Every structure is written in structure tokens, then in C-alpha cells.
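Observations on chain architecture
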Amino acid sequence: MLKDITIGQFFPGDSLVHRLDPRFKIVITIIFIMMLFTGSNVICLIVGGVYTLLAITLSGVPFKMYWKSVKPLLPFLLITAVLNLFLVDSGDTLLKWKFIKITEGGIDISVFMMIRIVLLIMGSSVLTYTTSPITLTDAVERLLSPLKKLKFPVHELAMMMSIALRFIPTLIEETDKIMSAQKARGAEIDTGSFMTRARNMAAIMIPLFVSAFRRADELATAMECRCYNGGEGRTRLRQLRSSGMDYIALGVTIVFYIAAIVVAKITV
Amino acid sequence: MDNIIEINDLHFSYRDENGNPGAEVLKGVSLTVRRGEFLAVLGHNGSGKSTLAKHLNAILTPTSGKVIVDGIDTSDESKLFDLRQRAGMVFQNPDNQIVSSIVEEDVAFALENLGVPYEEMRRRVDESLKAVNMYDYRLHSPSQLSGGQKQRIAIAGIIAMQPDCIILDEPTAMLDPQGRREVMATIHRMNREKGITIVLITHYMDEAAQCDRVVVMDKGSVVLDDTPAKVFSQVEKVKAIGLDVPQAAELAWELRKAGYDMPEDILTEQECAQAIMKLFA
Ligand SMILES: Nc1ncnc2c1ncn2[C@@H]1O[C@H](COP(=O)(O)OP(=O)(O)OP(=O)(O)O)[C@@H](O)[C@H]1O
Ligand SMILES: [Mg+2]
């Protein structure tokens, strides 16, 4: 049952967005986020919204999935939006009725911010839905590689991340096994009061940790046996190649970003 | 130089946290392995087999004595990576030696570490995957594979380094019979077709019976070292160490004891059956 958990929620596919170079995708996502926060007016948001829809359509992942990524946060976003709408008092007053007062600043912070965050989540989901976590790790390592000169442990962090990704399914499987074993011995894990359940969790965590340490030890030896010696002088089987399409995608994104900046300047 | 491994009076004791040596785990092991040989190492739990194996690619270095592998002294740190490339090691638990979440990238791991250029790496990875019959799985995640398949991936990761020698520490201990057969067939093929020297540590007597030579360890020393037929004909001695002999060898020994005329070099059920038929003929 635990096996069903998906991490990073990657949807394999062969769409245009899937095929983009992950390094470009990360850069594009960063520009996209800046674009969302350039100006606070309707047209700016429309630019961002159109861009998000475009990316979602090209990703080939059903819109339903993007909706799913936003849905759990929606109540929270709505409550903050409503509170902001009535409580923020700045700029021109748009509407005043008894003690209710809605100002321009209030609209800006509540409605616009909510739309922005929804777009932000959906837009960045395009990145995680179309790029496998391991590819993403790899791309981050390469984008950050200039930091190696500053002695920032880029390779080590990426290696840790990819080993973590590799062992998540293994450890989940193991947790399942330990849970069944402890249940067979009468440990109450799904039933009983909160306190008994919490106490019984220890019966799962302790064997899990012991085994994780043993695994780490054996893995370290196995890596040494295969000549692992840190990041220096390593070559890679996975080649990240950028194509014309990557530059086009980046160009289009920059055009949208500039459009957003221009709109923000004109309408201020 | 025909010996790929030369171990001379090897003593070893693990050190505790304070750096004090504990009891001796290897007590003067001397052993040579010929190039291309298929050697099995037997011995019950704690007899020092894994400790010995770890000396063959300098995961451990001798407290005293010498270990020379392919002309390289394992105490020579300047040749560490050269050594580890020539003598690859496969461990018991397939899960704990696979590094990457994509099969082909795991096979490439050693080559990436050695800085092999892309084109050559691609070629060697594909070749190794084909050699262990796992090429079709190259883009899978290891967690989707069976134990036997994972162990073959681990072997492919070693073969990709093009080693002269592979040391396998109970590679089949965690596998089901099907997985065991696959892995053993793969190891034998590597030995036959690529001429890779194999040192196989095992608890399975039938696996040992298929080797060129069997070394039996007991309490940190080598006590028997001969062909499987000769080793397993010394049933009493093997049993005294706490090991079993293959069933066919044991039956032949019992029959011999009971006064029947059975040859001493019986290992397989077939040989045993033939010998018994001869008795009735
Ligand atoms: N890292 C270690 N530190 C201290 N002592 C160790 C260590 N590893 C093994 N030993 C001890 O060394 C002895 C030999 O262990 P070794 O693992 O070589 O035996 P083995 O023949 O491989 O046994 P098995 O069949 O169980 O794998 C044992 O008594 C063990 O307790
Ligand atoms: Mg062992």
C-alpha cells in the first residue's frame, strides 16, 4: 500500500516539454516565476495565465493533474484571500458599505496574489511532471557546477539526492515488511489511542533505522569497490544536450517576461 | 606471471574504535589463484571468508603478510584505482550495491568514476548489459527487478570495468532458486567466454562442486585446497569443520563405508547414479 506513493509525481511521456533540456526547463521556470511577480494588474496576470496554459497544453499531461496539485491548497488560499480583501486598507477605496471597505490594495493582495500562487503551482508542476527526479537532480548539479569553484559541495549534494531517490522505494518496501511483521506480533499501528500508536511507531522506526545504517555502510563499500572518488574527473553516461527547441522555448518565455514588464510599466 | 592472485602469510585483525587490534581473524593465509581459474571458497559463518575477499581489492589491507593481485601489491595506495578496476567485487545484497535509479546508469557508475569518455562508456555499458542478458531492461528502475536480475546488474557494473578477476561474496545467498540459476550461469559464462578469473564465496555445496578448485576455510586459516572431487571425498574432514558435502558425494561415501565399491570422485547425481548402476551390473 505504501508502494503507491509517488515522489515528485513524474508522468513519463514524449511531449515537446518532456523533450526539452532539463537545465533549460529550470531556467525557464525561474523566469516564469519572475514574470508572475512583475506587475500587479489584470493584463500582467493574463500574460502569466496564457503562458501557464500554453505550457500545460504542450506538456501533454492532462489538465486534471494540474488541478490536483492546486486543489489541496485551495481552501487555505481562499481564506487568506477573503481576509486580505476586507482587512487590507491601502490605495483608492472602491466600495464602502457600512463597516465593509474594499480598497485597491486589498484587491491586489487578495485576488491577484491568489491567482498568482495558483499559476505558480501549476506552472512549476509542468517542470516536475515532465522531468524525472533523477534528471532534475542532474540538471541542478550541472547548473550549479560553477559554484564548485567556491568550494560549494555541488557534486556531493547531487549524489546524496540521487542515492536518496534510489533508496526511497527500497526503504518504503522495507517499512511495509516491518509493519506487517510488527502487526503479526500484535503491535497496534492502525488502531488504538494516539499514544499507543505513537509508542508502537518506535517498533517500526528503530528496525528501519538500523537497517538503513547497515545499507549505507554496505553501499559505501560497494561504491569504493567501483572506484568512487568524489566528483573530480567524473564523466557521465547521461548527456544533457540542448537543441534549437530549447532556445526557442527560452526565447518565447523571455518574450512573455518582457511583455509582462512592458505592461506593468505602461499601466502604472 | 600466471598467478593472478598471490597471498603470502596474510594475518589480519580488525581494530576497535580505539585502534586496538582485536582477535586475529585471518591467521596466516597463503593462497595462489591461477589466471582464468574458477575458485570457490567455503567455510562456515565467521571463518573469515568475507574478510579475505575484502583484501583482494584493498578494502582491507593486511596487518602483516602480502597480497598481490595482478602484479599490484594491495598495500600500494598509489595504485588503488588501478587495482579495483582489475579486481571487481560483487556482494550478497543486490539492493545495497546498486547506486542509481536507472539500470544503465548504475552499470556506468564505475566508468563514470574512472572518467571513461562518453562513446566508449556507452559501448561498454551496452556490451556488459548484453553479456548478462539484461539489455532490454536498461532503462528500468532497479526496484522493478527481481533479486536475480538485480544481481546480474551488479555483475554487469563490474564487467563494464573490464576486470581480470571478479570476487563474489555469497552472490546467491538472498536469491530464489530461479535467481540463483541465472546468476550462476552468468558467472560461469563470464569465466568461460571472457576468461575472467572468478573467486566465489558460497554456502552452497552444489555451486562449489561446479568449480575448478575449492578452498575451505576454518577459523581464519585455509584447511583444504583441492579440486571439488578431492575435497568432497574427504567427507569426515569436511563435516568436522561443520560443512556439508553435496548429497551425491555423501551418498557415495555412505555406500563406500558400507563396503560397496564406489569411486571417490563422485560429485553430481548423475555420476552417483551411474556408479550405482555399475554396482548392480
Ligand atoms: N567490521 C568488523 N569489525 C570487527 N570484527 C569483524 C568485522 N567484520 C567481521 N568481523 C569478525 O571477523 C570474523 C570473520 O568475519 P567474516 O565476515 O570474514 O566471516 P565470513 O566467513 O564471511 O562469515 P559469513 O559466512 O557469516 O559471511 C568474525 O568473527 C566477525 O565477527
Ligand atoms: Mg561473509
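Residues numbered from 1 in each chain as written. Chains lettered and ligands numbered in written order. Predicted model: local features only at pLDDT ≥ 70, side-chain atom pairs only at ≥ 80, totals over all residues. Heavy atoms only, no water.

Here we look at the interface of chain A and chain B
- On the chain B side, the residues contacting the 28 residues of chain A number 37 residues.
- With both sides pooled, the region where chain A packs onto chain B buries about 2,900 Å², and carbon together with sulfur makes up 56% of that total.
- A per-residue breakdown of the area chain A buries against chain B is headed by R166, R226 and L237 of chain A, which together make up 31% of the total.
- Between the two partners, chain A and chain B, sit six salt bridges.
- For D106 of chain B, the salt bridge goes to R226 of chain A, with nearest N and O atoms at 3.3 Å.
- At the junction of chain A and chain B, the tally comes to 16 residue pairs in polar contact (both at pLDDT 80 or more).
- For the side of chain A that touches chain B, the secondary structure elements donating two or more residues are α8 (154-184) and α9 (194-225) of chain A. (Contact = heavy atoms within 4.5 Å. Buried area = accessible area lost by both parts, 1.4 Å probe. Salt bridge = Lys/Arg side-chain N within 4 Å of Asp/Glu carboxyl O. Polar contact = N/O pair within 3.5 Å; in protein donor to acceptor, adjacent residues only side chain to side chain. Helix = DSSP H or I, 4+ residues; strand = E, 2+ residues; numbered from the N terminus.)

Overview of the sheet that holds strand β8 (residues 197-201) of chain B
Residues and elements named next belong to chain B.
- The strand order across the open sheet formed by six strands is β6-β7-β8-β3-β9-β10, and the pairing between neighbours is mixed. Two strands in the sheet have a free side with no partner beyond their single neighbour: β6 (87-90) and β10 (221-226). Sheet twist, expressed as the mean angle between neighbouring strand axes with direction ignored, is 20°.
- Two elements, β6 and strand β7 (residues 165-169), share four bridges in a ladder whose sense is parallel. Paired with A87 across the bridge in β7 is C165.
- Contacts from helix α5 (residues 147-159) reach β6 and β7 within the one sheet, and its direction differs from that of β6 by about 170°.
- The sheet contacts of helix α6 (residues 177-194) involve β3 (38-42), β7 and β8, and relative to β8 the element is tilted by about 150°. (Pairing = 2+ DSSP bridges. Axes fitted to C-alpha atoms, helices over the stretch in contact; angles between N-to-C directions.)

Topic: the confidence of the model for chain A
- The share of residues in chain A with pLDDT of 70 or more is 97%, and the mean pLDDT across the chain is 87.
- The spread of mean pLDDT over the elements of chain A runs between strand β1 (residues 93-97) of chain A, the lowest at 76, and helix α2 (residues 22-36) of chain A, the highest at 94. (pLDDT = per-residue confidence, 0-100.)

Topic: the domain arrangement of chain A
Residues and elements named next belong to chain A.
- Along its sequence, chain A is carved into domain 1 (2-156 + 241-266) and domain 2 (165-229).
- When each unit is reduced to the centre of its C-alpha atoms, the spacing between domain 1 and domain 2 is 36 Å.
- The interface of domain 1 with domain 2 comprises seven residues on the first partner and eight residues on the second.
- Summed over both partners, the interface of domain 1 with domain 2 comes to about 630 Å²; 74% of that surface belongs to carbon and sulfur atoms.
- Taken together, the links from domain 1 to domain 2 amount to one residue pair in polar contact (both at pLDDT 80 or more).
- Looking at the side of domain 1 that touches domain 2, its residues break down into four nonpolar, two polar and one charged. (Domains from an automatic or database assignment. Nonpolar A, V, L, I, M, F, W, Y, C, P; charged D, E, K, R; others polar.)

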